[in-house]
Amino acid sequence: LAKTTQPISMDSYEGQEVNITCSHNNIATNDYITWYQQFPSQGPRFIIQGYKTKVTNEVASLFIPADRKSSTLSLPRVSLSDTAVYYCLVAPHGSGNTGKLIFGQGTTLQVKP
Amino acid sequence: NAGVTQTPKFQVLKTGQSMTLQCAQDMNHEYMSWYRQDPGMGLRLIHYSVGAGITDQGEVPNGYNVSRSTTEDFPLRLLSAAPSQTSVYFCASSWGQDNEKLFFGSGTQLSVL
């Protein structure tokens, strides 16, 4: 299983773009990269998933370079409500997945007014 | 759909007591898992199940038992509670072929005195 490394915490201001990078140097060929968001006193929720290049949805963008050894979650124009913990998860997709899904420590994003 | 339902939301136990944390999902998900979350530790996998009748250990299984007799339910049992088990517990579920896209419950806050 690929081990992930993220910054423990980040600060930003409202209206700025925030980029959170996750390192996964030993990512395997069939691993996908999945990001979660967790607000205080709630369970995490799925944000975005990708395999390579760029993925965008209504919440965020995910950038994955060609070597796939890292990935960057990009949150455009953050607001106070984006204050949360963000987790990067790397695991095989579909039938290659044994089910042992290990999360890292996550990145605590604090958005200031 | 109610999604993933955890009960109780809060529980206080004395050392040595036993109890069961309940988790139920109504999405016909094959995969279910239990995590604990401690301050500064992120999410740690306790046990998981890839289908009814199948369970396996995660990162921190000691002191916990699970069973999966139905697709819908995945209870977590504490046999003899210890103060080290004071934590927030999250149950999650997902589709078998896409099981890294987890749906989490709202959590159970457990205190062991």
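This text follows the structure it describes.
Let me begin by describing the structure that accompanies this report.

### A closer look at the nonpolar core
One recurring pattern in soluble globular proteins is that nonpolar side chains are buried together.
For step 1, the next point in the chain: Ile33, Trp35, Leu73, Leu75 and Tyr86 of chain A are the most contacted members of the largest nonpolar core, which has 20 residues in total.
For step 2, the next point in the chain: By residue number, the principal contributor to this core is strand 8 (residues 84–92) of chain A, which donates four residues.
For step 3, the next point in the chain: By size, the runner-up hydrophobic cluster in this structure holds 19 residues, among which are Met19, Met27, Ile46 and Tyr64 of chain B.

### Concerning the side chain of Thr72 of chain A
Residues and elements named next belong to chain A.
For step 1, the next point in the chain: Counting through the fold element by element, Thr72 comes out in strand 7 (residues 70–75).
For step 2, the next point in the chain: A polar contact is formed between the side chain of Thr72 and the side chain of Thr21, at a distance of 3.2 Å.
For step 3, the next point in the chain: Filtering out sequence-adjacent residues up to four positions away, Thr72 remains in contact with Asn19, Ile20, Thr21, Ser61, Leu62 and Phe63.

### Brief notes about the state of the cysteines
For step 1, the next point in the chain: Scanning all chains against the criterion turns up two disulfides over all chains.
For step 2, the next point in the chain: Here Cys22 of chain A engages in a disulfide with Cys88 of chain A; their sulfurs sit 2.2 Å apart. In this structure the cystine formed by Cys22 of chain A and Cys88 of chain A twists about its S-S bond by roughly -75°; its chirality is therefore left-handed. Pair noted here: Cys22 of chain A is in strand 2 (residues 18–23) and Cys88 of chain A is in strand 8, with a separation of 66 residues, a long-range link. Like Cys88 of chain A, Cys22 of chain A is buried.
For step 3, the next point in the chain: Across the disulfide, Cys23 of chain B is cross-linked to Cys91 of chain B (sulfur-sulfur distance 1.8 Å). Between Cys23 of chain B and Cys91 of chain B, the S-S dihedral sits near -70°, and the bridge is therefore left-handed.

### Describing the packing of aromatic side chains
For step 1, the next point in the chain: Per the stated rule, a full pass over the model turns up eleven aromatic pairs over all chains.
For step 2, the next point in the chain: For the ring pair Tyr36 of chain A and Phe103 of chain A, a centre distance of 5.3 Å and an interplane angle of 70° mean the geometry is edge-to-face. Here Tyr36 of chain A is found in strand 3 (residues 31–38), whereas its partner Phe103 of chain A is found in the loop between strand 8 and strand 9 (107–112), with 67 residues between them in sequence.
For step 3, the next point in the chain: Classification of Tyr36 of chain A by relative accessible area gives buried; the value is 0%.
For step 4, the next point in the chain: Taken together, a centroid distance of 6.2 Å and an interplanar angle of 65° make the contact between Phe103 of chain A and Phe104 of chain B edge-to-face. Here Phe103 of chain A is found in the loop between strand 8 and strand 9, whereas its partner Phe104 of chain B is found in strand 10 (residues 103–104) on a different chain.
For step 5, the next point in the chain: Through a chain of ring-to-ring contacts, three or more aromatic side chains come together here, namely Tyr36, Phe46, Tyr87 and Phe103 of chain A together with Tyr35, Phe90 and Phe104 of chain B.
For step 6, the next point in the chain: Cation over ring: Arg68 of chain B sits above Phe74 of chain B, and NZ or CZ is 6.0 Å from the ring centre.

About the cut-offs
Residues numbered from 1 in each chain as written. Chains lettered and ligands numbered in written order. Predicted model: local features only at pLDDT ≥ 70, side-chain atom pairs only at ≥ 80, totals over all residues. Heavy atoms only, no water. Core = buried A, V, L, I, M, F, W, Y, C linked by side-chain atoms within 4.5 Å. Buried < 20%, exposed > 50% of the residue type's maximum accessible area, 1.4 Å probe, protein only. Helix = DSSP H or I, 4+ residues; strand = E, 2+ residues; numbered from the N terminus. Polar contact = N/O pair within 3.5 Å; in protein donor to acceptor, adjacent residues only side chain to side chain. Contact = heavy atoms within 4.5 Å. Disulfide = S-S within 2.5 Å. Phe/Tyr/Trp six-rings, centres within 6.5 Å; stacked < 30°, edge-to-face > 60°. Lys NZ or Arg CZ within 6 Å of the ring centre and 35° of its normal.

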